[in-house]
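Coordinate inspection notes
Listed below, chain by chain, are the residues.
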Number of protein chains: 4
Amino acid sequence: MVEATKAGFLDRTLRNLRNAWQNIAGSEYGAETASMRPHLPDDDIPRLRKQMLACLASRGGEVSARARAAALGRAYLNLDESGRRRFLTVLAQEFDVDRPAVDAAIAAVLAAADPDARHRAETKLKKAMEASRLRLLTQFNGLPNGIKFLVDMRAELLSLARQDPLFKPVEADLKALLAAWFDVDLLELQEITWRSASAALLERLIAYEAVHAIKSWDDMKNRLASDRRCFAFFHPRMPDEPLIFVEVALVSGLADNVQHLLDESVPVQDPQKADTAIFYSISNAQKGLAGISFGNFLIKRVVDLLALEFKGLKTFATLSPIPGFRPWLEHALSDGEPRLLLPAERKALKQVADGSRGAKGTLKTLIGNVATWHQDATVCEALRGPLMRLCARYLTQERRPDGKVLDPVAHFHLTNGARMERLNWLADTSSNGLRQSAGIMINYLYKLGEIDDNHEAYTGAGKVAASSAIRSLAKG
Amino acid sequence: MVEATKAGFLDRTLRNLRNAWQNIAGSEYGAETASMRPHLPDDDIPRLRKQMLACLASRGGEVSARARAAALGRAYLNLDESGRRRFLTVLAQEFDVDRPAVDAAIAAVLAAADPDARHRAETKLKKAMEASRLRLLTQFNGLPNGIKFLVDMRAELLSLARQDPLFKPVEADLKALLAAWFDVDLLELQEITWRSASAALLERLIAYEAVHAIKSWDDMKNRLASDRRCFAFFHPRMPDEPLIFVEVALVSGLADNVQHLLDESVPVQDPQKADTAIFYSISNAQKGLAGISFGNFLIKRVVDLLALEFKGLKTFATLSPIPGFRPWLEHALSDGEPRLLLPAERKALKQVADGSRGAKGTLKTLIGNVATWHQDATVCEALRGPLMRLCARYLTQERRPDGKVLDPVAHFHLTNGARMERLNWLADTSSNGLRQSAGIMINYLYKLGEIDDNHEAYTGAGKVAASSAIRSLAKG
Amino acid sequence: MVEATKAGFLDRTLRNLRNAWQNIAGSEYGAETASMRPHLPDDDIPRLRKQMLACLASRGGEVSARARAAALGRAYLNLDESGRRRFLTVLAQEFDVDRPAVDAAIAAVLAAADPDARHRAETKLKKAMEASRLRLLTQFNGLPNGIKFLVDMRAELLSLARQDPLFKPVEADLKALLAAWFDVDLLELQEITWRSASAALLERLIAYEAVHAIKSWDDMKNRLASDRRCFAFFHPRMPDEPLIFVEVALVSGLADNVQHLLDESVPVQDPQKADTAIFYSISNAQKGLAGISFGNFLIKRVVDLLALEFKGLKTFATLSPIPGFRPWLEHALSDGEPRLLLPAERKALKQVADGSRGAKGTLKTLIGNVATWHQDATVCEALRGPLMRLCARYLTQERRPDGKVLDPVAHFHLTNGARMERLNWLADTSSNGLRQSAGIMINYLYKLGEIDDNHEAYTGAGKVAASSAIRSLAKG
Amino acid sequence: MVEATKAGFLDRTLRNLRNAWQNIAGSEYGAETASMRPHLPDDDIPRLRKQMLACLASRGGEVSARARAAALGRAYLNLDESGRRRFLTVLAQEFDVDRPAVDAAIAAVLAAADPDARHRAETKLKKAMEASRLRLLTQFNGLPNGIKFLVDMRAELLSLARQDPLFKPVEADLKALLAAWFDVDLLELQEITWRSASAALLERLIAYEAVHAIKSWDDMKNRLASDRRCFAFFHPRMPDEPLIFVEVALVSGLADNVQHLLDESVPVQDPQKADTAIFYSISNAQKGLAGISFGNFLIKRVVDLLALEFKGLKTFATLSPIPGFRPWLEHALSDGEPRLLLPAERKALKQVADGSRGAKGTLKTLIGNVATWHQDATVCEALRGPLMRLCARYLTQERRPDGKVLDPVAHFHLTNGARMERLNWLADTSSNGLRQSAGIMINYLYKLGEIDDNHEAYTGAGKVAASSAIRSLAKG
C-alpha cells in the first residue's frame, strides 16, 4: 500500500503550518510592518519603531512577542539594500545600551559593601550593559529558518560595519549570540557522499567551495569518489546548510599537484591501500559566522575518523594554496629586484630573457604574463630557483605587526599546530593558482605527536614549525 | 562531539563486511569459479557446471549454498558478453526441467484415485515442472544487490531470447520469480524532491528518463520545482533504483505544449492555485522488469496523493507523445496520398507548394524535411488540417491484430481507463517530437467516475473512449 | 520552530489516507461485502461468491480489482471463527484448480511434437494448475498491512488443515506465495536495543518469546543490557513485526545455567572481555510462516556480526532446552525401570529413597514431584548420574522414523551444522525446565570450520556430531 | 543480505570512538585528574587547580583544551557528593571574576571621551565581568553528553546555592550559558507514540512525570492510546532526554475527573469525534533547567498542531491540580474557623458531625482524616459548599507579596493567558489529590482570542481572568 512520500509530503505540510503561523503573525501581530515599503522611507520609520518596541514590551507574553518579531523579520526580508541599512540604523541608534542605567549600575558596583552585594551589583551591571536589541535579535530565531536569518543578517552587518562604525556594536551583539549557539560541540560532523547527500546540499557545496572551484556536477561527483572524502559541520537547526567543509584525497605519498588530484580522468584508487590523507580544500560556507571558528576542530576530528576507518594511513597533510605570495612579491618587487634576488639568480634570469625576448630578463617581466610563463620550459627552469626561495622566505619570515606570519592560510594551519613540510613547484597552474602564488603550493603536515608543541611555539613566541627542506630553501 | 557520518561510515562498514563474506565465498565456496576466464572457454565449462551442481546439492545447508551461489554470481559479473551467453546456455540446457520426471508425475496425476491423492500428485507435478535452475536463480538473491543482479540478468535474457528461443524458458523462470518479488503492494511509492533525493538517485532519473530527455542538472531541478511533482516506485531491497517514475506539472488548464512546460525560464507558479495536474512523462526504469507492470498503479496512487494535498485540483490528465503516428503515416503514404487525403486537403496542399517551392506540394514532400517544416507558417497552416485529422484517425481507428489500438502509449492509457481528450498542434517541436508524431501531442484524461467503465469497454469490446472533439476530427 | 511530530503526525495522515481508500473500497467496491454478518450465514454466501468472482474478473483493471479484494479482506476481518471457516471453505471448494483444464493441458503436453512446443505446453499446464484463488490471495496484499493479513490467514489455515484436509490445498497455495515473499535475502537483520526499539516492538518480543518467558519490562531491559544482544529478521513491509529473533549473552566460558544468565541482579559484564557468545533463546514469532525457515541464516549472520564487533570472541554456542527429554523418559519408564537403569544406579536410588521417604526410591517416584526434587541435595546427587546418562542417550540415539534425532531443538541445531558440546545439570530449574528436561540443558557449539561437515554428516547419514564427553555419558 | 543493525552497531562504534578519545584524554590530557579520589581530599586540590588552569591556558589550542576539560569532567563524574562540593568550591572561589580588572575596566568606561571609545571600553568591561570559569564550563560541552552533564551540574549547584550563597554566582554563570543553548527556537517539538518512541525514552517519561504518577507500562501505553496525545520538547544534542512534556486527552466536553481520564478500562474514544482537548499533565523533566521556561511555548504549539489535525476541536483546556490549596487552608484554619466560614456553613458542618461522630463537626476535624472523608457521602455533601467557595477564593484572591496569585500552577496558566473556567468537586481522589487540594481540580481554558489580553491584564495589573461561575463561587 502507498507508503511514503516522506520527504516531500510531511515537509510541505509542516511548511504550510509555519506559513499559516506566519500569516497570523502577518495579520494579527504584524499590522505595523505589513505595509512598510522596500526602501523604508522616513514615513515608515515610526511604524517600524513601534513594532520593535512592541516586541520588547512582550505584550501577551513571550509567545506573542516572538510572533511579532517574526512579522518584523519577514518585513526585513522584503526590504531592499537601503531599506535594510535604515532598519539596522534604527536598531543601532535607538535600541542601544541605556548609558545612564549603566552609569547608575557602575556606581552601585563601586559602592558595594560586601562580596555578596558586589555580586548582585555586578549582575545588574551586566544586565544594564546588554543592549535592548539583543532580545529582539534573539526573538528573530522564531522565524522559519530563523538561525540562518540571523547568520545572514550578521554577514550584512559585517559589511556595513566596514563602512560605518555605527554598526559595530550591533554586529558585536549578534556575534556573541551566534558564538553561543554555534559552540562547536553543539554541531554535527557529517560525511557527505554522492549516495546520501541531497542535490540541494551538493548544490550549496558547489556554490560555497572557496579554494578550487567545482566546475560541474561531474567534478563534484569525482570529489566524492571512493578514494575521496568530504566532511562538514552542520548546526542541527540548519540541516541543509554546511558551516564549513573539508575535502580529502586518499593517496600514496604527499600529493604535489592539485590539477592531477582533481583530474576526473585519473582512475579511482583503492583507498585501503592509501598511506596519506591529503586535505586539499577547506571552505567556510557562512560569511555571517566569520570569527567563530571550527576549522581546527574539523581537521582534527576528520583525522580521527579517517584513522579509525583506514588503518594504513600514516600521514595527514594538506595541499594548500599560498594566497598572499604574489601580492607580497609584487609589493617587494616595486622596491627593485636587487634587494630580493641573489646575484646568481639575477644573472640566470638575464640569460633566459636574452634568448627568449631579446630584452633583459627580470623576475618582474618574466612572471608578468601570468597566463603563459609556466608553459615555457626555459623560463620555468630559470624562475624555479628564485621563486621557490622567495616563497619559502615569504612563508616563514614575513610577519604581521603582531608577529604572526603574513600568509593567512599559513597562519591558520600553524595555529592548528601543523608544520610546513614541502613546497611544490607548478602545483597549481590554474589562472587563480598562478595569480595567487605563481603556481606554488605547500603541504602542511599534521603530526599527532607534535601538534600541541607546534601550536604553543607559534601562538606564544611566533616560532614557525617548518621542515629543514623549507628552512634551507628560505636561506637560499 | 562527533556524531554522524551516518551515511558514509556505516554504509562502508557493512559493505566491507559483505565484501569479507564475499571473499570467504571467493576462497572457501568459490574455488571452482575463481579462475574462470571472461569469455568462458570450453575448458572452463566443467568447473562452471560443477559449481552450479554444488549450489543445488546444498552441501552444508542453505547458508553455504547461498555462499556458493554468490561466488558463482560474482564470476558471472566478471564474464564478457560471449562468456555470459555461454553461462546462460549451460543454465538453459543442463538445468532445465527433468522431462522423464514430469512424465512420471503426469502419469501419477492421471492415475489418482481420489481428490486428496490428486492434490498430492498435482503438488508433485508442479514441483517436477520447476526447472532446477530456478533454485539457483533464487540463491543469487544472496549477492550484494542480488535483486538488481537478477533484474539485470533478465534484461540480458530478454535480449538473448529475441535471437534464440533456447533462452526463453530461462527468461520465463526468472520472470515468474521477479513477478512475485515485485508485487505492487510490496513496493514503496516515494516522492522525489531536490531537497531530499540523493545526487545518485537523481543521476539515475536523468539516465532513465525515456520520454523527454533531461538535458542538465538545471533541467532536473526545474522538474522538481514547487509547481512540479515527481513520484517513483521503489523496491525496499533496491532503494537507490527507481522502478518507474512519473513527472507531474501543476498548472491551470490542460497543458498544450511540452517545450513550454519544460522551459526553465518560465516562472514557478503557486501550486495551490493550480486546477490541473498534467502527467507529462512516465518512464520505466528497469528493462529487466518488462512485462511486470505498475504504471497503472503509479498513476492512480499519485492522483490520490495529489488530490489529498491540493484541494483545488479538478483535472488529472497527461500530455503524451504519439510515438507510432509518423511511422504509420509513412507506411500509409507509401500506398499513395489519394487514399488518405480529402480532395480539399490535397488541393490546399498544392497551393502551398506552388508558392513556396515551385513544385506540386504533397503531404509527403511537405513534411519530408522533418527539421524545418514547422517553422514555415504557411506550410504549417496547410498541414494542420490533414495531419490532425489523420492523427485522430490513427489513434482511434487503427488497430493491432488483437483489436487493440496500434499506438502503444494510447493502449497503455486506454487500458488504465483514461479517455482521449484533446489533440495539440505543434505541441512538441523537438526533433524527437517531429519525428514521432509530426509535433502533435495528446491529452489523456483520467476522470474518476468513468475509469472503470472505460477500462471495461476497451479491454472487452475494444471500444476507445474519446472526446467528441477527437471523434469529429477523426471523421474529418 | 515546530519540527516534527514526525512519527505520529505523518503516520496518521497516511493512515487516514489509507482509510479513505478503504472507505471508497467499502462503498464503491465493497457493496457486496459491506453487509455480511460475522458468522456468515448461508444467505450471505452468494454475495461473498459474487465479490470473489468480481476480484478475479478484474472489471476496471487490476487497480480496481485490488480495491475490491481490500473490501473483501476487510469483510474477512469482521468475521468470527465460524464465519472465517465458511469463507475459507468457499475459497477451497469453489476457487480450486480447474481439473478439466488441467487434464486438457496434460494432454497437450503429452502430444507436444518438439521441445519448443513442449515448453509452451508445460507453461500452459503450470498456469492451469494454479488455483484461481491464488490470484485473490495475492490481491489481499493491497490491504493495509496486507502481508501480515496473509501471514495470519495462513496460521488459521494451518490450524484448520489439521482438522480437515479440505483446507490443505489453500494452505499450500498461500505457503508458496509467502515463501517467495519471505526469501531470506529480502529480509532485514536488525539489532534490537533498549535505546532504539519502540515500545510497540518490545511488547511483541515479550509476547512472542517462546523459550524463556520475559516476565516484565525490567526483564526485557536486562536482556538488552550492554553484555547482551538481540537480533531479529524483519520483512520490509512488516516493519513492526519480528519474524524470528535470537537473544545472546556475551560471557566468559560456556554458560551452564539459564537462571543465572537471566538474573537481573547479576552485574553487567564488560562485553569487550567476553570470549563466548551464548545464544540462549531463539523464537519464531509468526505462526503463519511455519515451514519457511530462516533460523539457520539468523544464527550464522549474527555470528558474523558479533565476530566483527568483538575481536575477543572465540566460542559461539547455545544454551538450549531439551524439550522432548522428560516426555520420552516418561514413556520409557512406563515399560519399567530395569531396562533403563544400570544396576548401580538402581541401587543408589534405593538408598536415597530409604533415607528420605521410608519407601523404595525409584527414578519414577523421585522425579515424580516435579516442583521440589531438585531442592533436596541427596536426591539430586542420586539422580544426577542416571538422568545425565539417559539424557545423553536420548539426544544422541533416539530417532524418528526418518532417522533424524527425536528432539526437535537438537534436530534444528544439528541440521545447522552445530555439535552437541556439553550437558549441564540443574541448568534450568524453572517449572518449565524441570517439566521438559528434568532441569538439564545442553550447549550446542557452532564451530566455523566444521559446520558444513557436521551438516552433511547429519542430513546425509544421520550422523550426530557430539563431543567425546557427551558420547561417554551416553555410554554410561 | 545483512542490512542493518543500524541503531546498535553504529551507535556503539561511535561510542567506542568517543571512548577512545576519552582514553587519550585520560592519559595525555588527564594525567592530573586521573588519580583524584572520590572525596577530593586536600592533597588532590592542587592537581585539580592545575588541570583547571591548564584548560584555561589553552596550551595546544582549543581542541586540546576541550580534551583536557573532558578529562576534568570525567574526574568530576567520579567524585562523591562531598568531592563535588569541594570541586565546585574551587570553581567558585578561584575562578571568579577578576575584581581589580573589573575596577580598572570601570575606570576606563567612566573616562571614555567619545561614543566609540565608550563602546570599546564597555566591551572590555563586559569581558572583564565574565568569570574565568565560564570558559571552563563551556568546554565541558565537549564531554560525551556534555550538555546533559552541564544541565545536571546546574541542578547540583541550585541545591548547593540554597545552602550557601558562595555557589550562586557559579550557578548564575551556568544558567546564562544554558539559557542561550536552550533558546526555545533551537528545540524540537516531537510527538511521542507507543509505535515510535524507544523504551528508553518512555522509561524517562515514567520517571519524570510529576503530576499524576505513571504506575506501570500499561498505564504509559494507555496514555498513548489513539484518543491521547503526548508531546515533548527536545534539544537536538540531548535526543533521548525530554525537556518538558505534556499529556493530552481528546474528549467530549470539559473533563472533570482525572481518575476517570486515566482509567485503563475505559474504552478508547474516536478522536475524530472529540470537541475538547484536555491538557491533564505538564511536567518539567530537567531540574537543571529551572527558570529557563518553555511551558508556554509547548502549550501553544500543541494547540496549533491539534487544531491542524482535528478540525472538530473547539475547546482547549487543562484539568489541573491546585497544589497550594490545602497548605493555605491549614494555615488559615490555624487562626480559627469563624473568620473563614459563613455562619450557614458552620451550622451545616455541625449537623453532620453530630450525626457521624458524636462530636461537634468542624472543617478542620472533618477533613482531618485525609484518606477517608471523601467516601462518606454525608460528609462530602456538607464539605462541598465551604471547600469549593474557599478554593475559588484561594485561587482568585490570595496573593504573593508581588501581587501575583499564590498558587503556582494558577500563576503559570494565568501568565500564559488562560482563564480559570470551572472548579471540579472530587476530581482527584488519589491520596496526593486529597492532600494537595481536598480532591478539587480546576479547568484552565485557553481561548485563542483572549490569551493576549488575559496575559496582559495579569502580568500588568495582576487581574485574574476567571469565569463568572468561579467568581460567584468565590463570593459565596
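In what follows, the structure referred to is the one given above.
Quick caveat: nothing in here was measured; it's all calculated off a predicted structure.

Turning next to the packing of aromatic side chains. A ring pair, where both rings are aromatic, is described by two values, the distance of the centres and the angle of the planes. Residue and element names in this part refer to chain A. Considering all chains together, one arrives at 38 aromatic pairs over all chains under this definition. Here a set of aromatic residues connected by ring pairs shows up, and it is made of Tyr-76, Phe-87, Phe-140 and Phe-149. Geometry around Tyr-458 places Lys-404 over its ring, the cationic atom sitting 5.8 Å from the centre.

Moving on to the pattern of salt bridges. Scanning the entire structure with this criterion turns up 144 salt bridges over all chains. Here Arg66(D) makes a salt bridge to Asp185(A), at a shortest N to O gap of 2.6 Å. Linking Arg66(D) in helix α4 (residues 61-77) with Asp185(A) in the loop between α10 (168-181) and β1 (188-191), this pair reaches from one chain into another. Look at Arg66(D) and you get buried, because its relative accessible area is 8%. Note that Arg195(D) is salt-bridged to Asp240(C), the shortest N-O span being 2.7 Å.

Here we come to the packing of helix α4 (residues 61-77) of chain B against helix α5 (residues 81-94) of chain B. For any two helices packed against each other, the geometry comes down to the angle between their axes and how far apart the axes lie. All names here are of chain B. Orientation of α4 relative to α5, taken along the N-to-C sense of each, is 140 degrees, at an axis distance of 9 Å. For the pair α4 and α5, the contacting residues are Leu-72, Tyr-76 and Leu-77 in the first and Arg-84, Phe-87 and Leu-88 in the second. Residues of the contact of α4 with α5, tallied by class, amount to five nonpolar, no polar and one charged.

Residues and elements named next belong to chain B. Contact pair helix α3 (residues 45-57) / α4: the axes reach a minimum separation of 8 Å and the direction vectors enclose 150 degrees. With respect to each other, α3 and α4 are oriented roughly antiparallel. As for the relative orientation of α3 and α4, their crossing is left-handed in sense. For the pair α3 and α4, contact is made by Leu-48, Gln-51, Met-52, Ala-54 and Cys-55 and by Ala-65, Arg-68, Ala-69, Ala-71 and Leu-72, respectively. Residues belonging to the contact of α3 with α4 are distributed by class as follows: eight nonpolar, one polar and one charged.

The next subject is the relation of the copies chain D and chain A. Here the two chain copies are tied together by a rotation about an axis and a shift along that axis. Overlay of chain D on chain A (RMSD 0.1 Å): rotation 180 degrees, translation along the axis 0.0 Å. The superposition of one copy onto the other is thereby described by a two-fold rotation axis. A symmetric contact is evident, with 100% of the interface residues of chain D recurring at the interface of chain A.

One widely used convention gives an interface's size as the accessible area the parts lose upon coming together. Facing 54 residues of chain D, the contacting portion of chain A comprises 54 residues. Summing the contributions of chain D and of chain A, the shared interface buries around 4,800 Å²; its carbon and sulfur component is 58%. Applying the counting criterion to the chain D and chain A interface returns ten salt bridges. The tally of links between chain D and chain A comes to 20 residue pairs in polar contact (both at pLDDT 80 or more). Counting only elements with at least two residues in the side of chain D that touches chain A, the list comes to α1 (6-29), α4, α6 (99-111), α7 (115-128), α10 (168-181), α14 (295-309) and α21 (451-461) of chain D. Residues that form the side of chain D that touches chain A fall into these classes: 23 nonpolar, eleven polar and 20 charged.

About the cut-offs
- Residues numbered from 1 in each chain as written.
- Chains lettered and ligands numbered in written order.
- Predicted model: local features only at pLDDT ≥ 70, side-chain atom pairs only at ≥ 80, totals over all residues.
- Heavy atoms only, no water.
- Phe/Tyr/Trp six-rings, centres within 6.5 Å; stacked < 30°, edge-to-face > 60°.
- Lys NZ or Arg CZ within 6 Å of the ring centre and 35° of its normal.
- Salt bridge = Lys/Arg side-chain N within 4 Å of Asp/Glu carboxyl O.
- Helix = DSSP H or I, 4+ residues; strand = E, 2+ residues; numbered from the N terminus.
- Buried < 20%, exposed > 50% of the residue type's maximum accessible area, 1.4 Å probe, protein only.
- Axes fitted to C-alpha atoms, helices over the stretch in contact; angles between N-to-C directions.
- Contact = heavy atoms within 4.5 Å.
- Nonpolar A, V, L, I, M, F, W, Y, C, P; charged D, E, K, R; others polar.
- Parallel < 35°, antiparallel > 145°, perpendicular 65-115°, else oblique.
- Left-handed = near helix turned anticlockwise from the far one by under 90°.
- Least-squares fit on C-alpha atoms with pLDDT ≥ 70 in both.
- Buried area = accessible area lost by both parts, 1.4 Å probe.
- Polar contact = N/O pair within 3.5 Å; in protein donor to acceptor, adjacent residues only side chain to side chain.

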